[in-house]
Amino acid sequence: EFGRTVEKAIRYLMYAQEPNGRFKNAGPNYVYGHAIATYALAESYGMTQMVILKEPVEKAVQIIIDGQQAGGAFNYGYAKDGRRDLSVTGWQIQALEAAKFANVENKGLQECLYRCVAGVKSFAGPDGGFGYDGPGSSLTLAGAGILCLQLLGQGEDATVTGAFKATQNMTPAWPKEGGGTYGWYYMTQARYLKNGPLWDSWSKAVLPMLVKNQQEDGHWESGSTSSACPVYDTTLCCLSLEV
């Protein structure tokens, strides 16, 4: 039903890419836009196996691989100074995993993913939370840390177990409780992969909450972050509902 719409979006991303693999209009926080655009193209390539997508995806993925810090994490602008950022890192990992399952042929991809494990763990705090730019206790980012480790094959690691325990009583409530649209996006996926009681309790709360708070024209607008806009919130809510 939406094939033409999706095709136009794929072609837009292809033509918005520079010859070196970077995306032209990713905005001031380039590292987010690049990862999300790469993620979209990689999933498109994995689903369609359109040969025309192979080179654009591999060029975009190489930007991410080359931008990884020695410790396994990522930062704004793919800087390799002392600072690292879990929110930035989470999107890079999702893009890399999508590329891996699409069977791209980037040299160093698997090694990059191995390093990502240590990178994500470096944000884990002693109380089960994850920090933003170092070890910490943010429950909003707990879902991001958990999901990344799950995608990296570390779903039974003690870090993940501790984070699930620390967030077991977290309940989503519109517009902000439980991390807002950003936190819900990650936690919904993390608990779905975990399955069992943690998923059951979460899905029974998040599904009716999202349905109830959708606007008449179809969009969501939570205002839960300083950068929130209807497109941003609607995208994250749709992705959560798809789970």
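Scope of this entry: the structure provided in the associated data block. Computed from a predicted model, the values in this text were never measured in an experiment.

**Describing unusual backbone geometry**
- Cis geometry marks the peptide bond from W174 to P175; its omega dihedral reads 10°.
- The residue P175 is located in the loop between α7 (158-166) and α8 (180-194) in this model.
- Its identity as a non-glycine residue notwithstanding, N103 has a phi of 65°, on the positive side.
- Along the chain, N103 turns up in the loop between α4 (86-101) and α5 (109-121).

**Looking at the side chain of Q150**
- Note that Q150 resides in helix α6 (residues 142-151).
- Beyond its immediate stretch of four places on either side in the chain, Q150 contacts G155, F164, Q189, A190, L193 and K194.

**Some words on the packing of aromatic side chains**
- This model, assessed by the stated rule, comprises nine aromatic pairs.
- Ring centres of W174 and W184 lie 5.6 Å apart, and the angle between their planes is 35°; on these two criteria the pair is classed as tilted. Within this pair, whereas W174 is found in the loop between α7 and α8, its partner W184 is found in helix α8, the two being separated by 10 residues in sequence.
- Look at W184 and you get buried, because its relative accessible area is 1%.
- The cationic tip of R22 hangs over the ring face of Y30; the distance from NZ or CZ to the ring centre is 3.9 Å.
- Of note, R84 hangs over the ring of F123, and the distance from its end group to the ring centre comes to 5.2 Å.

**Thoughts on empty space enclosed by the protein**
- Evaluated as defined, the whole model comprises one cavity of 30 Å³ or more.
- Its boundaries defined by the atoms lining it, the largest cavity holds a volume of some 30 Å³.
- A total of four residues in the lining of the largest cavity trace back to one element, the largest contributor, which is helix α1 (residues 3-15).
- Partitioning the lining of the largest cavity into residue classes produces four nonpolar, no polar and two charged.

**A few points about α5**
- Between its first and last C-alpha atoms α5 spans 19 Å; for 13 residues at 1.5 Å apiece the expected length is 18 Å, and the two agree.
- Those residues of α5 that sit buried are L109, C112, L113, C116, V117, G119 and V120.
- Each element contacted by the buried residues of α5 is listed here: α3 (51-66), α4 and α6.

**Re a nonpolar patch on the surface**
- On the surface, L151, Y192, L193 and V243 cluster together to form a nonpolar patch covering roughly 320 Å² of accessible area.
- Mapping Y192 onto the fold places it in helix α8.
- Overall, the relative accessible area of 43% leaves Y192 in the partly exposed class.

**Observations concerning the environment of G218**
- Relative to the assigned elements, G218 resides in the loop between α9 (197-212) and α10 (230-242).
- For G218, a relative accessible area of 24% puts it in the partly exposed group.
- On a C-alpha basis, the gap between G218 and T234 in space is 8.3 Å, while along the polypeptide they are 16 residues apart.

Thresholds, definitions, all that
Residues numbered from 1 in each chain as written. Predicted model: local features only at pLDDT ≥ 70, side-chain atom pairs only at ≥ 80, totals over all residues. Heavy atoms only, no water. Helix = DSSP H or I, 4+ residues; strand = E, 2+ residues; numbered from the N terminus. Contact = heavy atoms within 4.5 Å. Phe/Tyr/Trp six-rings, centres within 6.5 Å; stacked < 30°, edge-to-face > 60°. Buried < 20%, exposed > 50% of the residue type's maximum accessible area, 1.4 Å probe, protein only. Lys NZ or Arg CZ within 6 Å of the ring centre and 35° of its normal. 1 Å grid on protein atoms, 1.4 Å probe; cavity = no way out; pocket = protein on both sides within 12 Å on 5 of 7 lines; lining within 4 Å. Points joined across faces, edges and corners; volume = space filled by probe spheres on them. Nonpolar A, V, L, I, M, F, W, Y, C, P; charged D, E, K, R; others polar. Expected span 1.5 Å × (residues − 1). Patch = residues over 30% accessible without salt bridge, like charges linked within 9 Å, V, L, I, M, F, W, Y side chains within 5 Å. Areas by Shrake-Rupley, 256 points an atom, 1.4 Å probe, with all protein chains shown as cover. Salt bridge = Lys/Arg side-chain N within 4 Å of Asp/Glu carboxyl O.

All quantities given are derived from atomic positions and should not be read as evidence of function.
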